[in-house]
Amino acid sequence: MTDYKNLKLRASSNPHIRNGEDTRGLMLDVIIALMPALLFGVWHFGVRVAISAVVSVASAIFFEWLYRKLLHKPQMIGDLSAAVTGLLLSMVCPPELPVWMLVVGNFFAIFVVKQLYGGLGKNFLNPALAARAALVACYASAMTSWSKVDAATGATPMALLKAGDMEALKAAYPIKDMAIGFISGSAGEVSALMLLIGGVYLIVRKVISWQTPVAYIATVAVVTFLFPRGNDPMTFMLYNVLGGGLFLGAFFMATDYVTSPVTKKGQLIFGLGCGLITVFIRYFGSYPEGVCYSILIMNCCTWIIDKYTKPTRFGVDKKAKKEAAK
């Protein structure tokens, strides 16, 4: 029989379930998933993409180290979250953006968006996207100037799509080129195929859930197919899905653990909202792309999505849950 009198009970704080995963491992998987798109960008645009990525990652890590050094906090650069922020920022900016602007962007991402709110796990906006939005506000000309691989300045597919010039769009950027990546844009948006490979890798590795990216991409696809500009809804839909930063945003930005909902239902709602706002900006806004701002807007709604989609605790009836939500 069990000796209950001598049985020792140990109480500890959550979490009570542990596994071998840690932040560093998850961030390393994200970096690996980004490599196909990054390497394609280096091949497509040249070594300047690699230089931008190295400078951006190094500056993000430095600013995280500096902030925590100045405030006498434990160093966290080993978790690779700053490295992911720097890498993502370099991939959502024009390849020829001056590297000092990337440094400024990483200062904003790390100091203002991430660390001032308490560090990893406490920021309510995606640092890389917030930094991109800040760079667009401060350096609009540099952030909206794109070059083709032959260095001749040309309109991006999203600019032509925004103008409604479908014939010029088809002539300049065939659907096949859109999928593979033979287009102008940033390293993080040119190759939908490479980004899809990275996204599938993250889902297979269970780093991210499928709900947000699938809901996001499907919403954009359905809305643009049902309300096309022109007489070819399928082509219009494909350009909207393959163009811009949709795949990068859906798989790598909207799935950020800190700034997105934790429940499966909430993730579906989050993806749906991102998709709708993206299409609304593309249709009615003055800006040709909407991925960045749609995710940032939905980041601000994450708390309320989590509040109304969290499951009922065991032993709590629905009436009590409703009262607690008020």
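Summarised in this report is the structure supplied together with it.

The rules behind these values
Residues numbered from 1 in each chain as written. Predicted model: local features only at pLDDT ≥ 70, side-chain atom pairs only at ≥ 80, totals over all residues. Heavy atoms only, no water. Helix = DSSP H or I, 4+ residues; strand = E, 2+ residues; numbered from the N terminus. Contact = heavy atoms within 4.5 Å. 1 Å grid on protein atoms, 1.4 Å probe; cavity = no way out; pocket = protein on both sides within 12 Å on 5 of 7 lines; lining within 4 Å. Points joined across faces, edges and corners; volume = space filled by probe spheres on them. Nonpolar A, V, L, I, M, F, W, Y, C, P; charged D, E, K, R; others polar. Phe/Tyr/Trp six-rings, centres within 6.5 Å; stacked < 30°, edge-to-face > 60°. Lys NZ or Arg CZ within 6 Å of the ring centre and 35° of its normal. Core = buried A, V, L, I, M, F, W, Y, C linked by side-chain atoms within 4.5 Å. Buried < 20%, exposed > 50% of the residue type's maximum accessible area, 1.4 Å probe, protein only. Arc of directions from axis to C-beta. Patch = residues over 30% accessible without salt bridge, like charges linked within 9 Å, V, L, I, M, F, W, Y side chains within 5 Å. Areas by Shrake-Rupley, 256 points an atom, 1.4 Å probe, with all protein chains shown as cover. Salt bridge = Lys/Arg side-chain N within 4 Å of Asp/Glu carboxyl O. Polar contact = N/O pair within 3.5 Å; in protein donor to acceptor, adjacent residues only side chain to side chain. Axes fitted to C-alpha atoms, helices over the stretch in contact; angles between N-to-C directions. Left-handed = near helix turned anticlockwise from the far one by under 90°.

Comments concerning the environment of Leu169
Logical step 1: Looking at where Leu169 falls in the secondary structure, it is placed in helix α8 (residues 166-172).
Logical step 2: Counting along the chain gives 70 residues from Leu169 to Tyr239, while the straight-line C-alpha distance between them is 9.0 Å.
Logical step 3: Ignoring anything within four residues of it in the chain, the contact list for Leu169 reads Pro157, Leu160, Leu161, Pro174 and Tyr239.

Considering the layout of surface pockets
Logical step 1: Roughly 460 Å³ of internal volume is contained in the largest pocket.
Logical step 2: At the level of secondary structure, the elements contributing two or more residues to the lining of the largest pocket comprise α1 (23-45), α3 (81-91), α5 (127-138) and α13 (246-253).
Logical step 3: Tallied by class, residues from the lining of the largest pocket come to 15 nonpolar, seven polar and two charged.
Logical step 4: Of the pockets and cavities examined, the second largest pocket occupies roughly 330 Å³.
Logical step 5: For the second largest pocket, the lining is made up of 22 residues, of which Arg132, Trp146, Glu189, Tyr287 and Glu289 are closest to its centre.

Details of the packing of aromatic side chains
Logical step 1: A complete count under the given rule lists 16 aromatic pairs for this structure.
Logical step 2: Between Trp100 and Tyr139 the ring centres are 5.4 Å apart and the planes differ by 85°, which places this aromatic pair in the edge-to-face class. Taken together, the residues span a long stretch of sequence, with Trp100 in helix α4 (residues 99-114) and Tyr139 in the loop between α5 and α6 (140-143) at a distance of 39 residues.
Logical step 3: Between the aromatic rings of Tyr287 and Tyr293, the centroid separation amounts to 5.7 Å while the plane-to-plane angle is 80°, which identifies the pairing as edge-to-face.
Logical step 4: Taken together through their ring pairs, the aromatic side chains of Phe62, Phe63, Trp65, Tyr67, Phe107 and Phe111 make up a single cluster.
Logical step 5: The ring of Tyr283 has Arg229 lying over it, and the distance from NZ or CZ to the ring centre is 4.8 Å.

A word on the nonpolar core
Logical step 1: Counting 83 residues, the largest nonpolar core has Tyr216, Phe247 and Phe252 as its most contacted members.
Logical step 2: The biggest single contributor to this core is α1, with 10 residues.
Logical step 3: Among all residues touching Phe252, those that are not within four sequence positions of it are Val30, Ala33, Leu34, Leu88, Leu195, Gly198, Gly199, Leu202 and Phe247.
Logical step 4: Counting residues in hydrophobic clusters, the runner-up holds six residues, among them Ala60, Phe63, Tyr67 and Ala82.

Here's the deal with the environment of Ser59
Logical step 1: Relative to the helices and strands, Ser59 is located in helix α2 (residues 47-70).
Logical step 2: Along the chain, Ser59 and Gly86 lie 27 residues apart, while their C-alpha atoms are 7.4 Å from each other.
Logical step 3: When neighbours within four sequence positions are excluded, Ser59 is seen to be in contact with Leu102, Val103 and Asn106.

A closer look at helix α16 (residues 302-309)
Logical step 1: Taken together, the buried positions of α16 are occupied by Thr302, Ile305, Asp306 and Thr309. Seen end-on, α16 carries its buried residues on one side only, within an arc spanning 95°. Of the exposed residues in α16, the ones pointing more than 90 degrees away from its buried face are Trp303 and Tyr308.
Logical step 2: In this structure, the buried side of α16 is in contact with α14 (264-284) and α15 (291-299).

So, unusual backbone geometry
Logical step 1: The phi dihedral of His72 is positive, around 55°, even though this residue is not glycine.
Logical step 2: Tracing the chain through its elements places His72 in the loop between α2 and α3.
Logical step 3: Judged by its relative accessible area of 72%, His72 is exposed.
Logical step 4: Even without being glycine, Leu80 reaches a positive phi, approximately 70°.

Some remarks on a nonpolar patch on the surface
Logical step 1: Judged by side-chain polarity, Val222, Phe225, Leu226, Phe227 and Met234 come together as a nonpolar surface patch covering roughly 500 Å² of accessible area.
Logical step 2: The dominant element in the nonpolar patch, judged by the number of residues it contributes, is helix α11 (residues 211-226), at three residues.
Logical step 3: Here Met234 lies in helix α12 (residues 233-242).

Structural notes on the side chain of Thr224
Logical step 1: Structurally, Thr224 is set in helix α11.
Logical step 2: Engagement of the side chain of Thr224 in a polar contact is seen with the backbone oxygen of Ala221, the distance being 3.2 Å.
Logical step 3: Not counting residues within four places of it along the chain, the set of residues in contact with Thr224 comprises Pro233, Phe236, Met237, Asn240, Val279 and Tyr283.

Some remarks on the packing of α2 against α3
Working note: a packed helix pair is described by the angle between its axes plus the distance between those axes.
Logical step 1: Between α2 and α3, the shortest axis-to-axis distance is 7 Å and the interhelical angle comes to 140°. Considering only the axes of α2 and α3, their crossing is right-handed. In this structure, α2 contributes Ser52, Ala53, Ser56, Val57, Ala60, Ile61 and Glu64 to the contact, and α3 contributes Ser81, Ala82, Ala83, Gly86, Leu87, Leu89 and Ser90.
Logical step 2: Each residue belonging to the contact of α2 with α3 can be placed in one class, and the counts come to eight nonpolar, five polar and one charged.

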